[in-house]
Amino acid sequence: MTYINTKKCISLLFLIVLLMISIILPVTAQGITKKSVLVLNSYHKDYKWSDNIVEGITSVFGPNAQNIDLQIEYMDTHRISDNDYIDQLSKTYKYKFQEKRFDVIIASDDPAFAFLLKYHDQLFPNTPIVFCGVNYFDDSMLTGQTLFTGVVEGQDIKSTLDIALKLHPATKNVYVINDNTMTGKSIEKTLQETIPQFKDQVNFISLEEYDMNEIKENVAHLPPDSLVLFLIFFQDRSGNKFSYSESISQISASSTVPIYGVWDFSLGSGLVGGMLTSGYYQGELAANLAQRILHGEKPSNIPIVKNSPNHYMFDRSQMKRFNIKPSDLPQESIIINDTYSGKKQILVLNSYHSGMAWTDSLISGIKSILNANTDIDASYEFMDTKQNTGPEYIQKLYEIYKYKFQNKHFDGIIISDDDAYNFLLKYGWEIFPNIPIVFCGVNYFQDSDLADNKLITGVLELVDVQKTIEIALKLQPNIKNIVIINDKSLTGEANKKLLNDVIPNFSYINFIFYEDMNMSEIQDRVAKLSNDTIILLLSFNKDKSNNIFSYEESIRIIAETAVVPIYSVWDFYMERGIVGGMLSSGYYQGETAASMLLRILNGEKPQDIPVVKQSPNKYMFDYKYLAKYDLNPALLPADSIIINKPLSIFERYSTFFLAGLLVILCTVSITQRKKARDQLKILKTPDYLTGILNRGTGLAFLQQEIDHSSKNNSKLTVIFTDVNHLKIVNDTYGHQAGDNLIQATSQLLLKKLRKSDAVCRFGGDEFLLILPGCDRGQAMELWRKIEDCIDFYNSEQHHNYPLSVSHGFAEYDPTDPISVNDLINKADTEMYAAKRLYKLTLKEKSR
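Residues numbered from 1 in each chain as written. Predicted model: local features only at pLDDT ≥ 70, side-chain atom pairs only at ≥ 80, totals over all residues. Heavy atoms only, no water.

Some points on the packing of helix H5 (residues 157-167) against helix H6 (residues 182-194)
Between H5 and H6, the shortest axis-to-axis distance is 9 Å and the interhelical angle comes to 55 degrees. Classified by the angle between their axes, H5 and H6 sit oblique to one another. Judged by residue contacts, Ile-157, Lys-158 and Leu-161 of H5 engage Ile-187, Thr-190, Leu-191 and Thr-194 from H6. (Axes fitted to C-alpha atoms, helices over the stretch in contact; angles between N-to-C directions. Helix = DSSP H or I, 4+ residues; strand = E, 2+ residues; numbered from the N terminus. Parallel < 35°, antiparallel > 145°, perpendicular 65-115°, else oblique. Contact = heavy atoms within 4.5 Å.)

Digging into helix H9 (residues 279-294)
The first and last C-alpha atoms of H9 sit 22 Å apart over 16 residues, in line with the 22 Å expected at 1.5 Å per residue. Within H9, burial applies to Gly-279, Gln-282, Gly-283, Ala-286, Ala-287, Leu-289, Ala-290, Gln-291, Ile-293 and Leu-294. The inward-facing, buried residues of H9 abut strand S1 (35-41), helix H2 (48-61), strand S2 (68-74), strand S3 (104-108), strand S4 (129-134) and strand S5 (148-152). At the N-terminal boundary of H9, the capping side chain belongs to Ser-278, with an oxygen 3.2 Å from the backbone nitrogen of Tyr-280. (Expected span 1.5 Å × (residues − 1). Buried < 20%, exposed > 50% of the residue type's maximum accessible area, 1.4 Å probe, protein only. Polar contact = N/O pair within 3.5 Å; in protein donor to acceptor, adjacent residues only side chain to side chain.)

A few points about the pattern of salt bridges
Summed over the entire model, instances satisfying the criterion amount to 21 salt bridges. The partner of Arg-292 in a salt bridge is Glu-297, and the shortest N-O contact between them spans 3.0 Å. The salt bridge partner of Arg-556 is Glu-560, with a shortest N-O separation of 3.2 Å. Here Glu-560 and Arg-556 lie together in helix H17 (residues 551-561), a separation of four residues that amounts to about one turn. In this structure Glu-560 comes out as exposed when scored by relative accessible area, which is 53%. (Salt bridge = Lys/Arg side-chain N within 4 Å of Asp/Glu carboxyl O.)

Examining the confidence of the model for the chain
Across the chain, the average pLDDT comes to 86, with 90% of residues at or above 70. Predicted confidence is poor over residues 23-31, with pLDDT under 50, and the contacts of this stretch with residues over four places away or in other chains come to one contact. Segment residues 680-684 is flagged for pLDDT under 50; beyond a separation of four residues in sequence, or across chains, it makes five contacts in the model. (pLDDT = per-residue confidence, 0-100.)

Section: the sheet that holds strand S17 (residues 456-460)
Strands sit in the order S14-S13-S15-S16-S17 across an open sheet of five strands; the sheet is parallel. Each of the sheet's edge strands pairs with one partner strand only, and the pair in question is strand S14 (376-382) and S17. Pairwise comparison of adjacent strand axes, ignoring direction, gives a mean angle of 20 degrees for this sheet. Here four bridges tie strand S15 (residues 412-416) to strand S16 (residues 437-442), and the two strands are oriented parallel to one another. The residue bridging Ile-415 from the neighbouring strand is Phe-439, located in S16. On top of the sheet, helix H18 (residues 586-601) reaches strand S13 (344-350), S14, S15, S16 and S17; it is set at about 170 degrees to S16, its chief contact. (Pairing = 2+ DSSP bridges.)

Some words on the nonpolar core
Counting residues in hydrophobic clusters, the biggest one holds 79 residues, and the most contacted among them are Ile-414, Ile-469, Ile-482, Ile-485, Ile-535, Leu-536 and Ile-566. Counting residues per element, this core draws most heavily on H18, which supplies seven residues. Among residues more than four places away in sequence, those in contact with Ile-535 are Val-483, Ile-485, Val-526, Leu-529, Ala-562, Val-564, Pro-565, Ile-566 and Tyr-567. Counting residues in each nonpolar core, the second largest holds 53 residues, with Ile-53, Ile-106, Leu-161 and Ile-163 among its members. (Core = buried A, V, L, I, M, F, W, Y, C linked by side-chain atoms within 4.5 Å.)

Printed below as a string of structure tokens:
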């Protein structure tokens, strides 16, 4: 009895605790207050340096968006900066932020920093300040200021000159381009401090006193033993003003010699590269300092960062222009406009999302052409506009793509469907200048769209309602009524317009429209239709109550209750409930577009390839539904595609016939046949990333070959390899670059293997080579050939990091047998010893 009472008490106590938690947790969650961060930006939005700083800041705060209230204020001092304006700003901010308290303020660039030094106590008392992008800094500025810390923006001219002269050792003259703005004067001071370090190497010649036309004329006739050092050039001596990209692009277009610089906003517009100051890294570091303050550290305990977070950065297109190899650059260099494979780079920009039947069908058609060409690399981007329909979303996509692709070169672009088409008509000239574009799946096209777009061609998507109705009436000549299921979306309205154009051709048919209805009402109605009626499903993705349905959902729901045949004009309804029709196919749209792009890549001009206005539609039918409604397949057009068609007697029993013949002809032993089956199984189980054997099948193959070696008294050797620097590549260039490195390694390891050999991906960056009938000496000779392939790859391929692997050997001797695990461990141990030696060698070289 006591035990039962005690148990009841414990249960009651447990319930009380649960109740208290359920009450306290929501209250606690509601009580969490966001930290408020103000970014006071000196300049204006869309000014590249400022945008890069903001991107660096948001890269830190973005993952914690639910806990951070980030507000950005643009002072716009690049366009107006007189004292009256600054005074007005202080009054505006005093009013604007009078009831707003910030937990920390990030000030980007000198004007914002100077503004806060003057007005901090008046506008933002007791608020910590983190500055970045500040050139004119002196410790005395912060005397008595305990709430300030930050990052100084420094330009490393010496490192830029060092790498430039290393890449061009015959250089005798360096021509300096700089302006007379405040920033120009500041960087001039740094230059004068740097020049004495090169007094015995090169001559420095200033072009400061020339206007833009004179500079372009000068650089067009420089001797080959010259370089240009481009510092900053927003204004020439005649008062002409230039954006960051205008000045460098004009000068680079005229220059016959390489141009190096110190700011990353000039990269991608004509600069070869250098040790560049980056707004992104300034913002990122400042945000990390701000994070420390938000976590409780005092600004006075956080030292000013005076070593600017600069990086070696280079433009691959300019490197090619001046015959600079990636292997000649510092190992940690960042290279833009690079293609790791040396192949043609293609972007496929899809309007909708991956997994949508129409989009997947388009991509399959595109891949059927592009994947057959080994010199093409295709990237697939999904705009996801079906699930994000607001106009502000398109603006966000513009900002994302403008940043994402700013340093990426494509040889051609395929766009699918109207949203991507309209997006590139509006923004393509800015995001993808001078790149040929092929569209497909586009319904709303006018010839005038391409009046000023000679780089665009493509294939229209035109559904053929006429032929779908004709074949339906041929299959069912007794039909009197056609129920049209169509929604009120833009696609639905376009469908109705096409339908209205053909309805007069069928005056003997009664057309009934199911449009402004809920899905449940449509279900009820199609369940009661008479035998002299058919359904024509156009599109129904949104009903009267704004319920959203995918294409797959809409046909499934309607077909569940329909008692008469359903026809359509799109192939994504196939296998889900429609009989068929003259169907517009995403696959054939994509296939046609990809074929047109190949013509462009092979030298044809887009304007010489006419837009395909006859959509590549096909008669397509589902035998399952032909049989369900007793429709005669013999009435179908001869070129019809019929799916789910039953096998003929010969097709049904041919497998058994061939199997019997195989048994009769087979003379190999049971062991040999088992080995063949095992090898076939191995070959059918690839690693998902590289396409080579995965670990499990590789080990199975190794065990099989060890058994064979023991039986035949032959040796076998394995080579265990590990990719060097994969973590650095992942951290610096992203995991896609790491995946590219792993894929490239796997292909290089395969190059010199014999037919009897195998290689498997053993782990993340580890590979195991299995060499049957091969002793250690022979394996070492084969490895030397593989190393030659790697060396050639590093010297010829277009990538911004060298590929290298550490390796170790282990020989299997049947006279002294060991297990698979022991054999691999021996090779693994030798590999790690080689890897340690490799790292020590690198350290010695860096000293």
